[in-house]
Amino acid sequence: MRRIGWRRTCTVLVVALVTAACGGSVPSSSQTSAAKGPIAIWYSNNAEEVTWGEAVVAAWNKDHPSEQVTGQQIPAGKTSEEVIGAAITAGTTPCLIYNTAPGSVPGWQQQGGLVGLSNFSDGDSYINARTGSGAAQFKSPDGKFYQMPWKSNPVMIFYNKDVFQKAGIDSTNPPLKTYAEFLTTAQTLVAKGGVQAAIWPAPTSEYFQSWFDFYPLFIAQTGGKQLVENNQPAFDSSVGQAVANFWRQLYSSKLAPTEAAQGDAFATGQAAMAIVGPWAVAQYTGKVNWGVVPVPTEAGQDPSQIHTYSDEKSIGMYSSCKNQGTAWDFLKFSTSQANDGQLLQVTGQMPMRTDLASMYASYFSTHPAYTVFADQAARVTQVPNVPSSVEMWQDFRDAYSKAVIFGNQSVSQALTGAAAAIKTLLSK
Amino acid sequence: MAVAPDTLRSSRSRLRTWFGEQPIGYLFVAPFVLFLVGIYAYPFFFAIFISFYKYIFTAPGAQINQPFAGLSNYTAVLSDPLFHIALRNVLIFLVINVPLTVAVSMILATALNGRIPLRGFFRAAYYIPYITASVAAVGIWLWMFSGSGLVNKILGPLAPNPSWLVNGFWAMPIIAIYVTWKGLGFYILLYLAALQAIPKELYEAAKVDGARRIGAFFAVTVPGLRPATVLVVVVSIITGANFFTEPYLLTGGGGPDNQSVSPVFLIYREGIEQNHPGYAAAIGILLAIGVLVVSGVSRFFLERD
């Protein structure tokens, strides 16, 4: 009796497991790299980017009846990275995603989810010609491009001119150049400006949050260094400590809250400043009388010398794509001089192009507020393209939260500890 | 071509040997069995499998080396200080959440079982948080317990500094209380159903013996609800030990300074964000074993006379 029961169970389990284990497969690269035909693309759900994406797709489809492109917003999720990671595993990625975060590229490459753009005969030459020497930062450790540098949002300090005026601070040339100036200004703003916080970066522990507090200032202070240089952590230094201590002072003086803001603190008038890129202009226009300055440095460098974090988004081609020939052609079409100009016009974000300011001079003459972003876009640094990138940033964020945001450890100990952990990661 | 009757009989006999007298029964249960195997059993056994490998999620068809890792994922998890914090947090959570859930839901169910004004309204009111989307409920608690929130305004100088959700001491108790509040409706419903099964004669006998309301509650209601209490304890341990939404949303990613991380939050971070599903699976298996042990021990103590 027992034997029969076991057999029955086995039969049912085998049938079910075989059914559950059935999955799809991807075509081989030789079949797909030159193949042409319909493709799908995803773009960001940011309203301005959707407008741009729809227009580019419509323009392409008009002239390519046999290579139609279907565009859609990236499916909803907490972050685009989670959605893309899951889609890679499921084999449901579209051919191109216009919201590929460079920090996640090493992981997706490891998953076999990305197509090497250098494999196209004109891949490297096209990317290098469009982006110039800045493209080198986007190469993977194997020397190939697995992402097309697309657009940057150079991170700068936005400030609320009305709050500055209310606090009696010069709102045309605000004293925000040096750390000392910034701290004094921040104190005055909270004391007299009627705001809850001088600045309110997200104090939460997601791995990417350090890109919007520590990292831009670290890049500025080092003249463009990445968190990791020559496969070694670069932040466990006097410069790293100076930057971290600056933020520590803001937190310990309660000029930057340790709690997450409810909504956009700058747009809602809870904070006098924000550290963000030009993508946010559309969110602030009409709500805040804003101005923008480069991130501070310890000694107050000349603004024309200051580097910052790019907050760049790339275009990735994904390995589930069957018609990669069309995908490559569409990628070049969407990043042509004309379509990059449209991107700038519609979204205010900076295409990753050399000579941005001169190429789109007419745009900047009619939109003078954006000139400063174009200037800054010439001096931007990315996240390092290293394996275990997400783990590395999480380790850094954990140490930073402990010491800088919550003050539960000394800054120097935290940075040394994070550097040791990252060194171990990089050596794997 | 005709088939010999002996052959037919033999194949029917084999069919019966494998599938019993009523093989059509398997057809009826097949959809649920497939669901169970596909959604629960397959992932569970697959999780055990990958917990012994340096596994990563890959694109379909990608040839990536996934070497056998033996027990290394388990040893790495057990020596991870963050996992120790997560286990401590589960303990804090269960110590607050389980007794509070049992006590409050039992008392409220008893009250809602009696003849009180607006009984229907109160029954619905306690159930609403349970069916409210977690994101919306968390939003309300963020508003209440933020530094400038309602609770701190009422408490004034007595409010903790740093405020509740960024306070290493208070973050976990707030999470435990939040989960208790949100789940009460479900447990009240369980107790309300169980209360119907307690014979009225027992209350009458208690009254004859001179017991007042509170006396009858402890002498009749509490023992009468024991089977339901076992269920409430086991279910609240299992669901409680798997808490995730709260550190994810309420305390901004297990904050402050990882003081409210939970094992499931670590599974998410390691498995989804960092693509270490082998490591994440090891956490999951250890958590499942821990929950089995704790609920088994609780059942043992609650069910014995």
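Values in this document were obtained by computation on a predicted structure and should not be read as measured data.

A few points about unusual backbone geometry
Okay, step 1: The residue after Asn161(B), namely Pro162(B), is reached through a cis peptide bond having omega 0 degrees.
Okay, step 2: Mapping Pro162(B) onto the fold places it in the loop between α7 (150-155) and α8 (171-195).
Okay, step 3: Following Gly255(B), the chain continues into Pro256(B) via a peptide bond in cis, with omega recorded as -5 degrees.
Okay, step 4: Of note, Pro256(B) is situated in the loop between α12 (245-250) and α13 (263-273).
Okay, step 5: Phi at Asp355(A) is positive, roughly 55 degrees, even though this residue is not glycine.
Okay, step 6: The topology assignment puts Asp355(A) in the loop between β13 (350-351) and α14 (356-359).
Okay, step 7: Overall, the relative accessible area of 55% leaves Asp355(A) in the exposed class.

As for the packing of aromatic side chains
Okay, step 1: All told, the structure shown has 65 aromatic pairs over all chains when counted by the stated rule.
Okay, step 2: A network of ring pairs unites the aromatic residues Tyr207(A), Phe208(A), Trp211(A), Phe212(A), Phe214(A), Tyr215(A), Phe218(A), Phe235(A), Tyr309(A), Trp393(A), Phe396(A) and Tyr400(A) as a single cluster.

Here's the deal with the environment of Ala59(A)
Okay, step 1: Assignment of secondary structure puts Ala59(A) in helix α3 (residues 47-63).
Okay, step 2: Residues Ala59(A) and Trp108(A) lie 49 residues apart in sequence; the distance between their C-alpha atoms is 30 Å.

Details of the pairing of strand β1 (residues 39-43) of chain A
All names here are of chain A.
Okay, step 1: Most of β1 sits inside the fold, with four of its five residues counted as buried.
Okay, step 2: Examined bridge by bridge, β1 and strand β2 (residues 69-73) share five bridges and lie parallel to one another. Its bridge partner being in β2, Ile39 is matched across the sheet by Val69.
Okay, step 3: Handedness of the crossover joining β1 and β2 through α3 is recorded here as right-handed.
Okay, step 4: Note that β1 and strand β3 (residues 96-100) share three bridges and pair parallel. Opposite Tyr43, over in β3, you have Tyr98 as the bridge partner.

Some thoughts on the nonpolar core
Okay, step 1: Phe235(A), Trp247(A), Leu250(A) and Met273(A) are the most contacted members of the largest nonpolar core, which has 66 residues in total.
Okay, step 2: Per element, the largest residue contribution to this core is nine residues, and it comes from helix α17 (residues 389-405) of chain A.
Okay, step 3: Once residues within four sequence positions are removed from consideration, Phe235(A) is found in contact with Phe214(A), Phe218(A), Leu227(A), Gly240(A), Gln241(A), Phe396(A), Leu415(A), Ala418(A), Ala419(A) and Ile422(A).
Okay, step 4: Counting 45 residues, the second-largest nonpolar core is a separate cluster that includes Val138(B), Ile174(B), Ala176(B) and Phe217(B).

Regarding the environment of Tyr268(B)
Okay, step 1: For Tyr268(B), the location among the structural elements is in helix α13.
Okay, step 2: With 12 residues separating them along the chain, Tyr268(B) and Ala280(B) place their C-alpha atoms 7.5 Å apart.
Okay, step 3: If near-sequence neighbours (up to four positions away) are discounted, Tyr268(B) is found in contact with Lys78(A), Glu82(A), Phe244(B), Tyr248(B) and Glu273(B).

Some details on the sheet that holds strand β5 (residues 156-160) of chain A
All names here are of chain A.
Okay, step 1: The strand order across the open sheet built from four strands is β6-β9-β5-β10, with neighbouring strands paired in mixed fashion. Edge positions in the sheet fall to β6 (197-199) and β10 (290-293), since each of these pairs with one other strand and no more. The mean angle between the axes of side-by-side strands here comes to 25 degrees, regardless of whether they run parallel or antiparallel.
Okay, step 2: Judged from the two bridges that link them, β6 and strand β9 (residues 271-276) form a sheet pairing that is parallel. Residue pairing across strands places Ala197 opposite Ala271, the latter belonging to β9.
Okay, step 3: Along the sheet, helix α8 (residues 179-192) makes contact with β5, β6 and β9, crossing β6 at roughly 150 degrees.

Description of a positive patch on the surface
Residue and element names in this part refer to chain B.
Okay, step 1: Taken together, the side chains of Arg115, Arg119, Arg123 and Lys200 make up a positively charged region of the molecular surface.
Okay, step 2: Looking at where Arg123 falls in the secondary structure, it is placed in helix α5 (residues 119-131).
Okay, step 3: Look at Arg123 and you get partly exposed, because its relative accessible area is 33%.

Thoughts on the state of the cysteines
Residues and elements named next belong to chain A.
Okay, step 1: Inspection of every chain in the model, using the stated rule, returns one disulfide over all chains.
Okay, step 2: For Cys95, the disulfide goes to Cys321, at an S-S distance of 2.0 Å. One disulfide, between Cys95 and Cys321, carries an S-S torsion of 85 degrees and so falls in the right-handed class. Residue Cys95 is found in the loop between α4 (80-90) and β3, and its partner Cys321 is found in the loop between β12 (313-317) and α12 (324-334); the two are separated by 226 residues along the sequence.
Okay, step 3: By relative accessible area, which is 1% here, Cys321 ends up buried.

A short note on the interface of chain A and chain B
Okay, step 1: If you look at the interface, chain A gives 39 residues, while chain B gives 42 residues.
Okay, step 2: Overall, the association of chain A and chain B removes approximately 3,300 Å² of surface from exposure, summing both partners, and the carbon and sulfur fraction of that is 59%.
Okay, step 3: Counting the contacts that link chain A with chain B gives 11 residue pairs in polar contact (both at pLDDT 80 or more).
Okay, step 4: Looking at the side of chain A that touches chain B, the elements that each hand over two or more residues are α1 (2-21), α4 and α17 of chain A.
Okay, step 5: In terms of residues, the side of chain A that touches chain B owes the most to one element, α1(A), which gives 10 residues.

Focus on empty space enclosed by the protein
Residues and elements named next belong to chain A.
Okay, step 1: Across all of its chains, the model carries two cavities of 30 Å³ or more by this definition.
Okay, step 2: For the largest cavity, the calculated volume is near 70 Å³.
Okay, step 3: Quantified by volume, the second largest cavity comes out at close to 40 Å³.
Okay, step 4: Lining the second largest cavity are Pro102, Gly103, Trp211, Tyr309, Ser310, Glu312, Gln382 and Val383.

Description of the packing of α5(B) against α8(B)
Two numbers describe a pair of packed helices, the interaxial angle and the distance between the axes.
All names here are of chain B.
Okay, step 1: Two elements in contact, α5 and α8, have axes separated by 5 Å at closest approach and are oriented at 130 degrees. With respect to their mutual orientation, α5 and α8 come out oblique. In the packing of α5 onto α8, the handedness of the crossing is left-handed. Contacts from Arg123, Tyr126, Tyr127, Pro129 and Tyr130 of α5 reach α8 at Trp181, Lys182, Gly183, Gly185, Phe186, Ile188, Leu189 and Leu192.
Okay, step 2: Within the contact of α5 with α8, the residues separate by chemical class into nine nonpolar, two polar and two charged.

Considerations on the side chain of Asn99(A)
Residues and elements named next belong to chain A.
Okay, step 1: Looking at the element boundaries, Asn99 is found in strand β3.
Okay, step 2: For Asn99, a relative accessible area of 8% gives the class buried.
Okay, step 3: If we ignore the near neighbours within four places in the chain, the residues touching Asn99 are Ser44, Ser80, Ile84, Lys313 and Ser314.

Section: the confidence of the model for chain B
All names here are of chain B.
Okay, step 1: Confidence in the prediction for chain B averages 92 pLDDT; 98% of positions are at 70 or higher.
Okay, step 2: Helix α3 (residues 72-78) holds the highest mean pLDDT among the elements of chain B, 97, whereas helix α1 (residues 5-19) holds the lowest, 74.
Okay, step 3: Per the prediction output, this complex has pTM 0.87; the corresponding ipTM is 0.85.

Criteria and cut-off values
Residues numbered from 1 in each chain as written. Chains lettered and ligands numbered in written order. Predicted model: local features only at pLDDT ≥ 70, side-chain atom pairs only at ≥ 80, totals over all residues. Heavy atoms only, no water. Helix = DSSP H or I, 4+ residues; strand = E, 2+ residues; numbered from the N terminus. Buried < 20%, exposed > 50% of the residue type's maximum accessible area, 1.4 Å probe, protein only. Phe/Tyr/Trp six-rings, centres within 6.5 Å; stacked < 30°, edge-to-face > 60°. Pairing = 2+ DSSP bridges. Right-handed = clockwise from strand over helix to strand, strands pointing away. Core = buried A, V, L, I, M, F, W, Y, C linked by side-chain atoms within 4.5 Å. Contact = heavy atoms within 4.5 Å. Axes fitted to C-alpha atoms, helices over the stretch in contact; angles between N-to-C directions. Patch = residues over 30% accessible without salt bridge, like charges linked within 9 Å, V, L, I, M, F, W, Y side chains within 5 Å. Areas by Shrake-Rupley, 256 points an atom, 1.4 Å probe, with all protein chains shown as cover. Salt bridge = Lys/Arg side-chain N within 4 Å of Asp/Glu carboxyl O. Lys, Arg positive; Asp, Glu negative; His and termini not counted. Charge placed at Lys NZ, Arg CZ, Asp CG, Glu CD. Disulfide = S-S within 2.5 Å. Buried area = accessible area lost by both parts, 1.4 Å probe. Polar contact = N/O pair within 3.5 Å; in protein donor to acceptor, adjacent residues only side chain to side chain. 1 Å grid on protein atoms, 1.4 Å probe; cavity = no way out; pocket = protein on both sides within 12 Å on 5 of 7 lines; lining within 4 Å. Points joined across faces, edges and corners; volume = space filled by probe spheres on them. Parallel < 35°, antiparallel > 145°, perpendicular 65-115°, else oblique. Left-handed = near helix turned anticlockwise from the far one by under 90°. Nonpolar A, V, L, I, M, F, W, Y, C, P; charged D, E, K, R; others polar. pLDDT = per-residue confidence, 0-100.

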